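Notes for the structure review
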Amino acid sequence: MIENAVKRKLAQGLPVVGHWISLPSPSVVEIMAGFGMDWLLIDTEHGPASGERVEDLIRAMQGTSVTPFMRVARNDPALIKQALDRGAFGVLVPLVNTVDDARAAVAGAKYPPDGIRGVAGTRANRYGADLPEYFAAWNREVLVAVQIETAEAVRNVEAIAAVPGIDVLYIGPNDLSASLSQFRRFDAPEFRRAVDAILQAAKRAGVTAGYHTASVEEALERVEQGFRFVGLSTDARLLAAIMGTTWERLRQGLPSRAPR
């Protein structure tokens, strides 16, 4: 049975929260997936994972409730096809700036007649054993998320949101703020207006708005604001954060505990 649990939750109006995977370590993924988030997204735009290692990362999620997604390096049907063939249940496509970009992302993710994804027996369908069932369900179950991360994309966001097959408009705040000449000035009026325009466009089109956050507090604030596909940091940043906290506490405590 091919079923995308994240799409089921979104259809019910529920928020889904997950993390990004930037370290190509199946052990890290296995540890994280054991905590029961909704999804994990393997980043192959900036992260080093590729080829069979991507399959290993997805295998590390098996046996859990976590849905695997993947950010492709660019809006290329070959890369989208490979991500899905390896077992991702959806893709996040960067730099979607126009309606044509959005249509291309959808086409790359779906089988004919809705798209151009090639049909093959791959890991995603037990190397062909489940291909008929997989093919019949896929266009309904795949999640297509596009990144709205430039000023051009914000200008076109209403039309992008209306493209059939788009499920999520996802904001990467660093890239969006940089494109608006307000890098990491997330309280700047220009940035706040852009975020609101994306959120409202998603609501009007009946699709999901997504946002990449850096803390639990921000994730909860964005959910309250209306974002329902929320990324909560990355594996590397979570590791760095706990290491920073741990070593700060240790350094503060050492002077009082050291032998005199």
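Look up: the structure comes first, before these words.
A short tour of the structure in this document, coming up. Quantities reported herein were computed from a predicted structural model and do not represent experimental measurements. (Residues numbered from 1 in each chain as written. Predicted model: local features only at pLDDT ≥ 70, side-chain atom pairs only at ≥ 80, totals over all residues. Heavy atoms only, no water.)

Here the focus is the overall build of the protein chain. When helices and strands are counted, the protein chain shows 12 helices and eight strands. Computed over C-alpha atoms, the radius of gyration of the protein chain comes to 19 Å, within 12% of the 18 Å expected from 2.2 N^0.38 for 260 residues, which places it in the range of a compact globule. With respect to the three principal axes, the spread of C-alpha positions in the protein chain is 75 × 45 × 30 Å. Each of the 260 residues in the protein chain was classed as buried or not, and the buried ones make up 48%. As displayed, the protein chain offers around 12700 Å² of accessible surface, 54% of which is attributable to carbon and sulfur atoms. (Helix = DSSP H or I, 4+ residues; strand = E, 2+ residues; numbered from the N terminus. Rg over C-alpha atoms; globule rule 2.2 N^0.38 Å. Buried < 20%, exposed > 50% of the residue type's maximum accessible area, 1.4 Å probe, protein only. Areas by Shrake-Rupley, 256 points an atom, 1.4 Å probe, with all protein chains shown as cover.)

By the definition in use, this model includes 11 aromatic pairs. Taking the centre distance of 4.8 Å and the plane angle of 25 degrees together, the rings of Tyr111 and Phe135 count as stacked. Of this pair, Tyr111 sits in the loop between α5 (99-109) and α6 (131-141) while Phe135 sits in helix α6, and the two are 24 residues apart along the sequence. Ring centres 5.3 Å apart and planes at 65 degrees place the aromatic pair Tyr211 and Phe227 in the edge-to-face group. Taken together, the positions of Tyr211 in strand β7 (residues 208-213) and Phe227 in the loop between α11 (216-225) and β8 (229-234) put the pair 16 residues apart, joining distant regions of the chain. This pair shows no difference in class: Tyr211 is buried, exactly as Phe227 is. Members of the aromatic cluster, connected to one another through ring pairs, are Trp20, Trp39, Phe69, Tyr170 and Phe229. The ring centre of Trp138 lies 5.0 Å from the NZ or CZ of Arg117, which sits over that ring. Looking at Arg222, its charged tip hangs above the ring of Tyr211, at a distance of 3.9 Å from the centre. (Phe/Tyr/Trp six-rings, centres within 6.5 Å; stacked < 30°, edge-to-face > 60°. Lys NZ or Arg CZ within 6 Å of the ring centre and 35° of its normal.)

This part covers the packing of helix α4 (residues 77-85) against α5. With their axes 8 Å apart at the nearest point, α4 and α5 run at an angle of 40 degrees to one another. Overall, the two elements α4 and α5 adopt an arrangement that is oblique. For the pair α4 and α5, the crossing hand works out as right-handed. Of the residues in α5, those in contact with Pro77, Ile80, Lys81 and Leu84 of α4 are Ala105, Gly108 and Ala109. (Axes fitted to C-alpha atoms, helices over the stretch in contact; angles between N-to-C directions. Parallel < 35°, antiparallel > 145°, perpendicular 65-115°, else oblique. Left-handed = near helix turned anticlockwise from the far one by under 90°. Contact = heavy atoms within 4.5 Å.)

Let us look at the nonpolar core. Membership of the largest hydrophobic core comes to 64 residues, with the highest contact counts inside it found for Leu40, Ile42, Val146, Ile148, Leu169 and Leu176. For this core, the element with the highest residue contribution is helix α10 (residues 189-205), accounting for seven residues. When near neighbours in sequence (up to four residues on either side) are disregarded, Leu40 contacts His19, Ile21, Val29, Met32, Ala33, Met61, Val66, Thr67, Pro68 and Phe69. Grouped together as the second largest cluster of nonpolar side chains are 13 residues, Val16, Trp20, Ala145 and Val168 included. (Core = buried A, V, L, I, M, F, W, Y, C linked by side-chain atoms within 4.5 Å.)

A few words on the pattern of salt bridges. Counted under the stated rule, the structure contains 15 salt bridges. Taking the shortest distance from any N to any O, the salt bridge between Glu141 and Arg8 comes out at 2.7 Å. You can see Glu141 sitting in helix α6 and its partner Arg8 sitting in helix α1 (residues 5-11), a full 133 residues away along the chain. The shortest N-O distance in the salt bridge between Glu55 and Arg59 comes to 3.3 Å. You can see Glu55 and its partner Arg59 sitting in helix α3 (residues 51-59), four residues apart, about one turn around the helix. Given a relative accessible area of 15%, Glu55 falls into the buried group. If you follow the salt bridges from partner to partner, you end up with Arg53, Glu55, Asp56 and Arg59 in one network. (Salt bridge = Lys/Arg side-chain N within 4 Å of Asp/Glu carboxyl O.)

Moving on, we come to the environment of Tyr134. With respect to the helices, strands and loops of the structure, Tyr134 is situated in helix α6. Note on Tyr134: relative accessible area 2%, which makes it buried. Between the C-alpha atoms of Tyr134 and Glu3, which are 131 residues apart in sequence, the distance is 9.7 Å. Contact partners of Tyr134, with chain neighbours within four places excluded, come to Ile2, Leu84, Tyr111, Arg117, Ala124 and Asn125. Reaching out from Tyr134, the side chain makes a polar contact with the side chain of Arg117 at a distance of 3.1 Å. (Polar contact = N/O pair within 3.5 Å; in protein donor to acceptor, adjacent residues only side chain to side chain.)

This part covers the pairing of strand β6 (residues 168-171). Alternating residues of β6 divide into Val168 and Tyr170 and Leu169 and Ile171, and every residue in both groups is buried. In this structure, strand β5 (residues 143-147) lies alongside β6, joined through three bridges in parallel fashion. Considered in β6, the bridge of Ala145 is made with Val168. Where β6 meets β7, four bridges bridge the pair, whose relative direction is parallel. From the neighbouring strand, Ile171 faces β7, where its bridge partner is Tyr211. (Pairing = 2+ DSSP bridges.)

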